[in-house]
Each structure stands twice: as C-alpha cells, then as structure tokens.
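# Residue-level structural notes
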Amino acid sequence: MSRSRTRGEAQARETVPGNPRTSPADLLVQAFLALFGRRFRTLLTMVGISVGLAAALATLGITASAAGAVSDQFDALKATRVTVKYPSEAVAGVRPRPDGGDSRRVRELNGVRSAGLVSRAGEQPAVSRLPGGEANDLPEGTVMAAQPEALLAMSAELTRGRWFDTGHEARRERVALIDTAAAARLTVDGGAANSVIHVNGVSFSVLGVFRAPTGDTNLTGSVVVPYWAASQDPAGLSFAPAEMIIRTDLGAADQVGEEAPFALAPGAPDKLVALVPPDPRSLRQGVESQTRALFLGLAAVSLGVGALGVSNTAYVSVLERRSEIGLRRALGASRRAVAGQFCIESGLVGLAGGVVGTVLGVQITAVTCLAKNWLVVLDPVLTAAGPLVGLVVGLAAGLYPALAAARILPAETLRAGV
C-alpha cells in the first residue's frame, strides 16, 4: 500500500509543471497557457512594447528617408550656384564693369556655364500700372538690375515675351521683365510686350514674363530691369552693391568659388566674398542626426513605459497566483523552474510585442514616405532586430517578478490559505 502511494506521488511530481524533471518545452507550454488564460491583460501589456518599438523603428526609418529627401531636394540647381559679392564701399581696383567684361572673364573659367551681375534695389519701390507711382500694386515686389546672363545663371524660365539683351543695355532702354507672380498682381496678361509698368513713377515697357525657380525668394514677385539702371538709377532706387551670380557644372562650385575672386579683382581678391553651396552630404548627416536624436529619445521613453507595464503586470500576476506557486513548490517545483516560467511568460509578451511593433514601424515608415513622395529607407539589420529587442525588453522587465515568485515559500501560502 505504501509502495503504491509512493509510486503515485512520484508520478504526480513528474507531471506537475515546474517539477525539476519538467523539460523547457513543458515550461514553454505552461507559460503560453497562462498567458492565454489572461488574454486581455496580455494583449494590453503587449501593446505597450509594440508602441515603443514601432516608434523607435519608425523614427529611424523616417529620419533616414527624410535625410535622403533633403539631399535629393538639394539638387543641381542649388548645388551649382555660386554668388560673389562686391564690397559695399569703393575699393581701388574692385568695381563691377557694366560692359560685361567681368562676366566674360568668369565664363572663361573651367566649369562655369553662365554668369552675370545683379544689383538689388535698396528700398521698397512703388510699382504700379498707373503713372505717377501713387498706387503700389506690388507691395511685396523686389526690383533688381541684372545683366541678361544673370537671369540664365539664376535659372529663370521665360514664359511669355522675350529677354532683354545687350542692345537694350547699350541703348539704355527702359524695359523690364517681371515674374509670373508679379504679372498676376499687375494684371499683365499675354500681351506682355504692350504693357507698361511704373517704378517710382518712371515708366518701363514689359518685354516678357518669366517664372522664378522653386524656392527662390529673390526672384519670386520681382521686376528685373537692365543692369545700366543700377548706375544711372532713373527711378531713385538706391541699388545695393553688385553681386556676380555664377552657374557652374555639377561638382565645380567649390573650385569656381576659389577662382572667381581672382578673375574679377586680380589685385584684391580678398575684398570679394564668394558664397558656395554647402556639401549635401554634411547637410544630410546634420538633419539625420538632429532629428534622430530627438525622436529616439521619445521612442526610448515609450519603450521604457512599455517595459514598466510588462513588469507591473507580471508582478501583479505573481501576487494573484501565490497559491498556485505555493502548491507547485510543495509538490517539488524548484525556485529555478518557477522563476523560469515567469521569465518565459514575460519574454513571450516581449517577443510578440516586438514582432507587432516591427510590423507597425515598417508600415508607418512606408505610409509616411509614400505620402511625402520619399524613397523608403530602412536598415534591414534594425528591422530584423526588432523582435529580438522586444524579447530582451520583456525578459528584463519580467526578471524582478520572476525572482519574487521564486522566493515564495509553500508553507506560507498554504498556511494563509491563499
């Protein structure tokens, strides 16, 4: 009889989950059943990790894609423009030549496509269709004097009429070109050649209408007159010091920026200031690092909140299952087996949250990039590591509750009747 009882107790201990002889596969099954029995709580806990990981992956993907888009938008139009500024005060041997000699010398440099002088009006002029200049129909307009080659260097696109040329420059004709935005404000329609505008009461015949390149605030809404007006100043505009606008071949901007001051003022090149476009790679890296640092901090906070949620849920589960833990310990389960099951439960929650968070992060990145017409940039290593990160976070969050469960003594739970 006693031998039969001993054999039955041994068989019971062998089938009890958490028994020292219980295999890791049995612990995995028991952990899965425990989580499935608390489906709603498990789902809410998993959401915390999913949101944090999705935020982290979406941050990395969106910032990388945005940086690529910034680099793409910083295209040849901006990467090939060099501006050389003349000094504001008269310097011996440093003065622009309205006859076009400066532009010709610069155009002879290797890598230069076009170049021309520009001078902007130093005050807000009154531009209108009515004589006398009493009504300002273009309150936001800018008046500039430019050589014909300067407009080509600024990538202006003629839409109606014609450009003014060196003949208009030599004859000192009062002609003008206006931007499409200015044409709309001044109601200059398709008959641009028959239109007349007044700048501070001085009449100019409109030769043509041009479209400013996207993002060029200097040309948008502007009125452009021949460069002779910068020295003659018939409308009393007080033009600012001249600038040489240079359009270069792609990759030649830095070299042209170094050589242009010597071509314009061989005796005093240091008096001229050459502005070259920044390196697109450094611009991209700067945008990517700054935005990534900001959003990764927010993603880390979200992931930390998810980990705290897993830890809190696991600890509450330990308190609720004290009687179960005590019974298993009384039937022979070791501390290691009890702690192992709770670690497996937390790890499963973290792993599931990692998988869901990875999928969400990829989808958020893809949808955002498609909405912005960006190229989707995702690091496959980071994407593959998403579930692993969730697993590690889950295991770390469940470590303390697992140790707390392992410290529960069977005698205390049985004596207390919990």
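Please refer to the structure higher up on the page.
Residues numbered from 1 in each chain as written. Predicted model: local features only at pLDDT ≥ 70, side-chain atom pairs only at ≥ 80, totals over all residues. Heavy atoms only, no water.

This brings us to empty space enclosed by the protein. On inspection of all chains with the given rule, the structure shows two cavities of 30 Å³ or more. Around the largest cavity sit 15 residues that line it, and Leu35, Thr313, Ala314, Ser317 and Glu345 are the ones nearest its centre. In this model, the second largest cavity occupies a volume close to 40 Å³. Together, Val143, Val199, Phe204, Val225, Ala229, Pro234, Ala235, Leu237 and Phe239 line the second largest cavity. Partitioned by chemical class, the residues of the lining of the second largest cavity number nine nonpolar, no polar and no charged. (1 Å grid on protein atoms, 1.4 Å probe; cavity = no way out; pocket = protein on both sides within 12 Å on 5 of 7 lines; lining within 4 Å. Points joined across faces, edges and corners; volume = space filled by probe spheres on them. Nonpolar A, V, L, I, M, F, W, Y, C, P; charged D, E, K, R; others polar.)

Moving on, we get to the packing of aromatic side chains. For any pair of aromatic rings, the description consists of the separation of the ring centres together with the inter-plane angle of the planes. Applying the stated criterion across every chain yields a total of one aromatic pair. Taking 5.8 Å as the distance between ring centres and 25 degrees as the angle between the ring planes, the aromatic pair formed by tyrosine 315 and tyrosine 400 counts as stacked. Taken together, the positions of tyrosine 315 in helix H11 (residues 280-320) and tyrosine 400 in helix H14 (residues 380-406) put the pair 85 residues apart, joining distant regions of the chain. (Phe/Tyr/Trp six-rings, centres within 6.5 Å; stacked < 30°, edge-to-face > 60°. Helix = DSSP H or I, 4+ residues; strand = E, 2+ residues; numbered from the N terminus.)

Of all the nine residues making up strand S2 (residues 112-120), eight are buried; the element is thus mostly covered by neighbouring parts of the structure. Here S2 runs beside strand S10 (residues 243-248); their pairing, made up of six bridges, is antiparallel. Following the sheet pairing, valine 112 is matched in S10 by threonine 248. Sheet topology places S2 next to strand S4 (residues 142-146); three bridges connect them, and they run antiparallel. Residue pairing in the sheet places serine 119 in a bridge with alanine 145 of S4. (Buried < 20%, exposed > 50% of the residue type's maximum accessible area, 1.4 Å probe, protein only. Pairing = 2+ DSSP bridges.)

In contact at an axis separation of 10 Å, helix H12 (residues 322-330) and helix H13 (residues 335-372) are set at 145 degrees when each is read in the N-to-C sense. Crossing of H12 over H13 shows right-handed handedness. Contacts between H12 and H13 pair Ile325, Arg328 and Arg329 from the former with Arg335, Val338, Gln341 and Phe342 from the latter. A breakdown of the residues in the contact of H12 with H13 according to their chemical character gives three nonpolar, one polar and three charged. (Axes fitted to C-alpha atoms, helices over the stretch in contact; angles between N-to-C directions. Left-handed = near helix turned anticlockwise from the far one by under 90°. Contact = heavy atoms within 4.5 Å.)

Our focus in this paragraph is the pattern of salt bridges. What the rule picks out here adds up to six salt bridges. In this structure, arginine 162 and aspartate 165 form a salt bridge, with 2.7 Å as the shortest nitrogen-oxygen distance. The exposure class of arginine 162 is partly exposed, given its relative accessible area of 41%. (Salt bridge = Lys/Arg side-chain N within 4 Å of Asp/Glu carboxyl O.)

Here H12 has its buried residues at Ile325, Gly326, Arg328 and Arg329. One face of H12 carries all of its buried residues, which in axial projection span an arc of 165 degrees. Positive phi appears at glycine 332, one or two residues downstream of H12, with a value of about 115 degrees. (Arc of directions from axis to C-beta.)

Val84, Ile178, Ile197, Val223 and Ile246 are the most contacted members of the largest nonpolar core, which has 46 residues in total. The greatest single-element share of this core, amounting to five residues, is contributed by helix H10 (residues 253-264). Among all residues touching valine 223, those that are not within four sequence positions of it are Val127, Leu138, Thr142, Val143, Met144, Ala176, Leu177, Ile178 and Ile197. One finds Val118, Leu151, Met154 and Ala212 within the second-largest nonpolar core, a separate group that totals 17 residues. (Core = buried A, V, L, I, M, F, W, Y, C linked by side-chain atoms within 4.5 Å.)

A few words on unusual backbone geometry. Notably, arginine 172 is not glycine yet its phi reads approximately 55 degrees, a positive angle. By secondary structure assignment, the location of arginine 172 is in the loop between helix H7 (166-170) and strand S6 (175-179).

Attention now goes to the environment of arginine 81. Note on placement: arginine 81 falls in strand S1 (residues 81-85). Separated by 33 residues in the primary sequence, arginine 81 and serine 114 place their C-alpha atoms 10.0 Å from one another.

With twelve residues, H10 ought to run about 16 Å at 1.5 Å a step, and its terminal C-alpha atoms sit 16 Å apart, in line with that. Looking at H10, one finds that the buried residues are Ala253, Val256, Gly257, Ala260, Pro261, Ala263 and Leu264. For H10, the arc enclosing every buried residue in end-on projection is 160 degrees, short of the 170-degree limit, so these residues lie on one face. Seen from the buried face of H10, the exposed residues on the opposite side, beyond 90 degrees, are Glu258 and Phe262. (Expected span 1.5 Å × (residues − 1).)

Nothing here speaks to function; it is all geometry.
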